[in-house]
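Residue strings, one per chain:
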Amino acid sequence: MTRPFTRRTALGATAAAAVTAGTGALWEAGSSTAWADPAKAPSHEAGRVHEEYVRDASLRWRRMPRGWQEAPFLGNGDLGCQVYAGERADTLKVMLSHTRVQDQRGQWRAGIGYSRLPVGYFTLTLAGEVTALDWTLDLWDAELRGTVTTTRGSVTLRALVHNGSGGLLVSTVPSRGEESAAWSFTWLEAGTTRTSGKPPEYVPNDPPRTGEADGTGYCEQPLLAGGGWTTAWRERGEGTGRLLAAHLVYRFPGEVAEATRAAVRAVERTLAGRPDALVREHRDWWHAFHRKSFLSVPDKRLQRFYLIQLYKLASATRAEGPAISEWGAWFPEVGNNWPALWWNLNVQIGMAPVHGANHAELDSVTEAFRRFEKNLPLSVPEEHRDGKSYALGHPSDWQLRAGAHDVGVPGSDRITDNFGNLVWALHHVWLGYRHTMDRRVLRDVLMPVLAKAVHFYSLFLHEGPDGRLHLPRTRSPEYADAEDCTYDLSLLRWGAITLLECARTLRLDDPAEKRWWDIAHRLTPYARHPEQGVMVGKDVPLAESHRHHSHLLWLHPLRETVWDRPSDRGVMRRSMAHWVSTRERWHGYSFAVGSSMYSVMDEPEKALDLLTFFTGLNVVDDCQMTVNTMYREGKNLALESPLAGAQSMLDMVTQSHGGVVKVFPSVSRRWPDASVASLRAQGGFLVDADRADGRTRWVRVRGEAGAHLVLEHGVPGEISVRDASGRALRWRQTGPGRVALDLPRGGTAIVTPRGSRPATASDAGPDAGPRDVPSLGPSAPWGLPE
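Let us look at the structure shown here. (Residues numbered from 1 in each chain as written. Predicted model: local features only at pLDDT ≥ 70, side-chain atom pairs only at ≥ 80, totals over all residues. Heavy atoms only, no water.)

Now for the overall build of the chain. From N to C terminus, the chain includes 18 helices and 37 strands. Over its C-alpha atoms the chain spans a radius of gyration of 27 Å, differing by no more than 12% from the 28 Å that the globule rule assigns to 786 residues. The dimensions of the chain, computed from C-alpha atoms along their principal axes, are 80 × 70 × 45 Å. Taking the contacts inside the chain whose residues are at least 6 apart along the sequence as the reference set, 68% of them involve residues at least 24 apart. Accessible area for the chain stands at about 28700 Å²; split by element, carbon and sulfur atoms hold 49% of it. (Helix = DSSP H or I, 4+ residues; strand = E, 2+ residues; numbered from the N terminus. Rg over C-alpha atoms; globule rule 2.2 N^0.38 Å. Contact = heavy atoms within 4.5 Å. Areas by Shrake-Rupley, 256 points an atom, 1.4 Å probe, with all protein chains shown as cover.)

Given below as structure tokens:
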């Protein structure tokens with residue numbers, strides 16, 4: 001049920017006349033817009049390549065989007081909004097959501113008791129019916145702008161979710177005939193939208209209270225558990241333009257009245273300042289974000305897709321905020337059965353690109369374990385809460401609370417597919433350490449949490465007649481129960497080996513090391529089939545199509561086997577071929593992960609084929625990439641699949657597992673050119689490189705941590721290795737196209753063909769920086785461009 005709350009006296013055209021003087025101009029004198037057009041703003045040449053490259057990825061609309069599957073989207077890691085058609089032909093809807101807004105009734109499983117909750121939406125009611133529109137979601141500025149044309153006139157619209165303040169800003173400039181266009185707010189019922197497992201005694205939270213404080217409208221939503229949130233808004237105008245500012249404040253624990261006071265104050269502060277200064281601050285953050293790395297390929301549709309995913313990640317999560325849920329920062333009106341965080345795959349693969357793309361500022365998973373480790377014992381079955389065990393149930397909320405639910409007990413009548421959630425999530429933390437070499441991540445987060453996660457697993461190990469350690473019956477996620485389940489064995493083996501490495505790195509003498517060593521060396525091997533490769537578990541083959549790669553984690557992302565070792569290739573090839581042979585039940589992430597697997601197996605054409613198919617709006621098992629790259633499973637929004645596709649592209653251009661940094665290791669022969677800059681590799685290395693006409697022209701690696709570098713550079717023929725000043729470096733060749741050298745902290749190694757003259761900007765050498773490589777042909781923007 002929805003309830004409209006309309007404040008035309010505060011938000012309509014009459015508000016413009018009520019603006020008091022002396023509070024700061026809403027925009028520069030003589031301008032009819034709330035902030036300057038970026039096309040008219042000065043641009044420094046140094047950032048021109050990045051700017052043009054990112055702006056090219058902007059989404060465009062020439063037809064009205066009808067819902068979340070088609071809509072432009074904005075966010076800052078907390079507040080999110082989407083803009084699309086309203087219920088009537090003369091309305092537009094701006095749907096609000098917030099990553100912290102959730103219920104607090106832990107007596108139920110997290111998808112119900114800690115469920116993300118709907119907020120509401122603004123409606124712009126126009127004088128005429130919409131006949132046309134021309135919108136652009138500019139990724140470089142993180143702004144939506146364009147024009148809506150109606151039967152009575154037109155409205156120029158600009159919108160952003162401010163990166164710093166977290167407020168929604170919408171500028172509207174009506175033409176003659178549309179002066180009466182006005183905003184209203186409609187709240188949505190504060191109850192879980194999840195239907196699966198909803199208990200009969202569940203009731204939604206009470207309806208909100210609406211009101212006005214000194215001209216600022218607000219909607220105050222209390223929670224039955226205490227606390228709540230408030231959405232506040234106000235519009236101000238001058239001349240022909242108007243600016244809507246809205247803020248949402250959530251308080252728990254605390255009083256919802258305090259949320260109201262804080263939200264109203266936030267709106268007042270926003271409107272008291274200069275919008276152009278706010279917009280400049282917002283753009284500065286996003287411009288710096290986009291300059292942190294670069295990846296250009298000839299397939300511009302995929303290049304744009306990749307950039308949209310980075311924008312989406314930064315809009316949905318930040319290191320200091322909630323980890324990413326299935327909705328991200330956006331509420332889907334239809335298809336919202338997953339209002340929490342799912343840890344049996346979704347968070348892990350959705351967050352994967354942050355490391356290689358050099359965006360540690362988005363790593364909310366590592367920070368979640370740092371901040372909310374105290375909640376991990378709550379997922380351990382009560383009979384095993386020995387003070388030494390951690391687990392993580394799914395779903396959970398962003399504070400790692402699973403509600404009235406634990407992960408179950410292996411080998412009992414309480415089998416779930418939750419046993420490996422925590423260890424798999426900690427693999428993401430491990431990769432964060434490896435990409436930065438920040439030992440504080442090992443000391444403060446990874447080692448203390450992983451030790452207790454492995455301890456919980458180890459409680460159920462038993463020694464078999466073969467002298468090996470075995471697991472009782474567990475569940476391979478979304479497939480079947482099995483003894484010695486490959487999914488659990490691979491995570492437990494990785495956990496024990498990683499703990500040993502952590503102890504060596506930190507020079508710790510941990511009393512549990514003997515147990516970790518025992519697990520690492522005596523854990524039973526995976527069950528194998530002679531033709532099908534690694535099986536799901538003991539006596540359980542993969543007998544039908546399976547969307548989840550749970551039985552292949554050892555191949556990716558754990559990388560237990562290495563393609564560089566010929567002895568590993570047979571089992572990798574057989575296992576992969578069998579999984580791929582039946583794809584009728586695959587979902588989007590199956591194609592994305594499969595692409596990454598092919599990339600690490602030296603199969604670039606197959607890797608590109610899977611990614612191209614996935615992003616091509618094809619339907620498999622009623623799942624489909626959407627025109628705005630949000631992705632649907634049935635009617636449900638599921639962010640992780642397209643985000644995993646960004647990792648697929650990173651795996652094509654850089655890899656760094658196994659202690660070797662590889663440049664362009666899996667680039668298709670269909671991509672003769674490629675250019676990358678500041679992609680982050682394990683060892684704390686930043687990689688720049690350029691490829692043209694099917695050949696790597698040069699590679700530059702900068703070392704942030706001071707580490708031994710083994711580089712598979714791909715530069716053909718004899719090479720030179722020099723530092724940033726052109727001085728020759730000492731190096732040795734360790735294999736075809738592979739060199740080794742010690743790179744000091746802050747040092748740079750540049751690999752070029754021997755005898756080549758010093759590179760300059762004119763010949764696109766290392767000194768020229770990245771380039772947006774030529775396109776193989778025309779491709780339409782994402783969105784609804786026609």
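Summarising the element assignment, Ser-476 is placed in strand β19 (residues 474–476). According to the relative accessible area criterion, Ser-476 is buried, its value standing at 1%. Not counting residues within four places of it along the chain, the set of residues in contact with Ser-476 comprises Cys-485, Tyr-487, Val-536, Ser-550 and His-551. (Buried < 20%, exposed > 50% of the residue type's maximum accessible area, 1.4 Å probe, protein only.)

If you walk across this open sheet you meet the 4 strands as β23-β24-β25-β26, and the pairing is antiparallel. For this open sheet the edge positions go to β23 (619–620) and β26 (636–637), each flanked by a neighbour on one side alone. Pairing of strand β24 (residues 623–624) with strand β25 (residues 632–633) involves 2 bridges; the strand directions are antiparallel. Considered in β25, the bridge of Gln-624 is made with Arg-632. (Pairing = 2+ DSSP bridges.)

This part covers the environment of Gly-645. Along the chain, the position of Gly-645 falls in helix α18 (residues 640–653). Given the relative accessible area of 0%, Gly-645 is considered buried.

Below, the discussion takes up the packing of helix α16 (residues 588–600) against helix α17 (residues 604–614). Packing of α16 against α17 leaves a shortest axis separation of 7 Å and a crossing angle of 165 degrees. When the axis of α16 is compared with that of α17, the two are roughly antiparallel. Two packed elements cross with a definite hand, and for α16 against α17 that hand is left-handed. Contacts from Gly-588, Phe-591, Ala-592, Gly-594, Ser-595, Tyr-598 and Ser-599 of α16 reach α17 at Lys-606, Ala-607, Leu-610, Leu-611, Phe-613 and Phe-614. Taken together, the residues of the contact of α16 with α17 break down into 8 nonpolar, 4 polar and 1 charged. (Axes fitted to C-alpha atoms, helices over the stretch in contact; angles between N-to-C directions. Parallel < 35°, antiparallel > 145°, perpendicular 65-115°, else oblique. Left-handed = near helix turned anticlockwise from the far one by under 90°. Nonpolar A, V, L, I, M, F, W, Y, C, P; charged D, E, K, R; others polar.)

For the bond running from Phe-252 to Pro-253, omega is -5 degrees, close enough to zero to count as cis. The topology assignment puts Pro-253 in the loop between β15 (241–251) and α5 (256–272). For the peptide bond that leads from His-556 to Pro-557, omega is 10 degrees, which places it in the cis range. Within the secondary structure, Pro-557 sits in the loop between β22 (533–534) and α15 (566–580). Phi is positive for Leu-400, close to 70 degrees, though the residue is something other than glycine. Counting through the fold element by element, Leu-400 comes out in the loop between α10 (364–372) and α11 (421–436). Non-glycine residue Asp-484 carries a positive phi angle of around 45 degrees. Structurally, Asp-484 can be placed in the loop between β20 (480–482) and α13 (486–506). We classify Asp-484 as buried; its relative accessible area is 9%.

Once that is clear, we can look at the nonpolar core. By size, the foremost hydrophobic cluster in this structure holds 208 residues, and its most contacted members are Phe-122, Leu-168, Tyr-306 and Phe-369. Top element by residues in this core is helix α12 (residues 439–458). It accounts for 12 residues. Residues within four places of Leu-168 in sequence aside, it is in contact with Leu-79, Cys-81, Val-94, Leu-96, Phe-122, Leu-160, Val-161, Leu-244, Ala-245 and Ala-246. Counting residues in hydrophobic clusters, the runner-up holds 15 residues, among them Leu-169, Ala-232, Ala-245 and Val-264. (Core = buried A, V, L, I, M, F, W, Y, C linked by side-chain atoms within 4.5 Å.)

It is worth spelling out the side chain of Lys-300 at this point. With respect to the helices and strands, the residue Lys-300 is situated in helix α7 (residues 300–316). Overall, the relative accessible area of 7% leaves Lys-300 in the buried class. Of note is the side chain of Lys-300, whose polar atom sits 2.9 Å from the side chain of Gln-303. There is a polar contact of 2.6 Å between the side chain of Lys-300 and the side chain of Asp-772. Residue contacts for Lys-300: discarding those within four places in its chain leaves Asp-772, Val-773, Pro-774, Ser-775 and Ser-779. (Polar contact = N/O pair within 3.5 Å; in protein donor to acceptor, adjacent residues only side chain to side chain.)

Right, let's talk about the state of the cysteines for a bit. Taken as a whole, this structure holds 0 disulfides when the rule is applied. The thiol of Cys-219 is not disulfide-bonded; the next cysteine sulfur, from Cys-81, is found 17 Å away. (Disulfide = S-S within 2.5 Å.)

By the definition in use, this model includes 56 salt bridges. Arg-401 is the salt-bridge partner of Asp-397, the closest N and O atoms lying 2.8 Å from each other. Put simply, Asp-690 and Arg-771 hold a salt bridge, and the shortest N to O gap is 2.6 Å. Of this pair, Asp-690 sits in strand β30 (residues 685–692) while Arg-771 sits in the loop between β36 (748–753) and β37 (783–784), placing them 81 residues apart in sequence. (Salt bridge = Lys/Arg side-chain N within 4 Å of Asp/Glu carboxyl O.)

What follows is about the environment of Lys-662. Relative to the elements of secondary structure, Lys-662 occurs in strand β28 (residues 661–663). With 382 residues separating them along the chain, Lys-662 and Arg-280 place their C-alpha atoms 38 Å apart. Not counting residues within four places of it along the chain, the set of residues in contact with Lys-662 comprises Asp-564, Val-653, Thr-654, Gln-655, Glu-712 and Arg-738.

Here we take up the packing of aromatic side chains. Following the criterion strictly, the structure yields 24 aromatic pairs and no others. Taken together, a centroid distance of 5.2 Å and an interplanar angle of 75 degrees make the contact between Trp-327 and Phe-331 edge-to-face. Assigned by exposure class, Trp-327 and Phe-331 land together as buried. Aromatic side chains Trp-343 and Phe-369 sit 6.0 Å apart centroid to centroid with 50 degrees between the ring planes, which places their arrangement in the tilted category. Of this pair, Trp-343 sits in the loop between α7 and α8 (346–350) while Phe-369 sits in helix α10, and the two are 26 residues apart along the sequence. Taken as a pair, Trp-343 and Phe-369 share a single burial class, namely buried. The structure contains a cluster of three or more aromatic residues connected by ring pairs, namely Phe-73, Trp-285, Trp-286, Phe-289, Tyr-311 and Trp-330. Above the plane of the ring of Tyr-121 lies Lys-93, whose end atom (NZ or CZ) is 4.2 Å from the centre. (Phe/Tyr/Trp six-rings, centres within 6.5 Å; stacked < 30°, edge-to-face > 60°. Lys NZ or Arg CZ within 6 Å of the ring centre and 35° of its normal.)

Our next topic: the pairing of strand β32 (residues 707–712). The pairing of β28 with β32 spans 2 bridges and is classified as parallel. Paired with Lys-662 across the strands is Glu-712, a residue of β32. In this structure, β32 lies alongside strand β35 (residues 738–743), joined through 6 bridges in antiparallel fashion. What sits directly across from Ala-707, in β35, is Leu-743.

A few words on helix α6 (residues 275–290). Over its 16 residues, α6 extends 23 Å from the first C-alpha to the last, a length consistent with the 22 Å expected when each residue adds 1.5 Å. Restricting attention to buried positions, one finds in α6 the residues Pro-275, Asp-276, Leu-278, Val-279, His-282, Arg-283, Trp-286, His-287, Phe-289 and His-290. Mapping the buried residues of α6 onto a view down its axis gives an arc of 165 degrees, with all of them on the same face. (Expected span 1.5 Å × (residues − 1). Arc of directions from axis to C-beta.)

The sheet built from 6 strands is open, its strands ordered β16-β29-β30-β31-β36-β33 with antiparallel pairing. Two strands lie at the open edges of the sheet, namely β16 (294–296) and β33 (719–722), each paired on one side alone. On average, each strand axis in the sheet is tilted by 20 degrees relative to the strand beside it, whichever way the strands run. Relative to β36, strand β31 (residues 695–703) runs antiparallel, the two sharing 4 bridges. The residue bridging Arg-700 from the neighbouring strand is Ile-750, located in β36.

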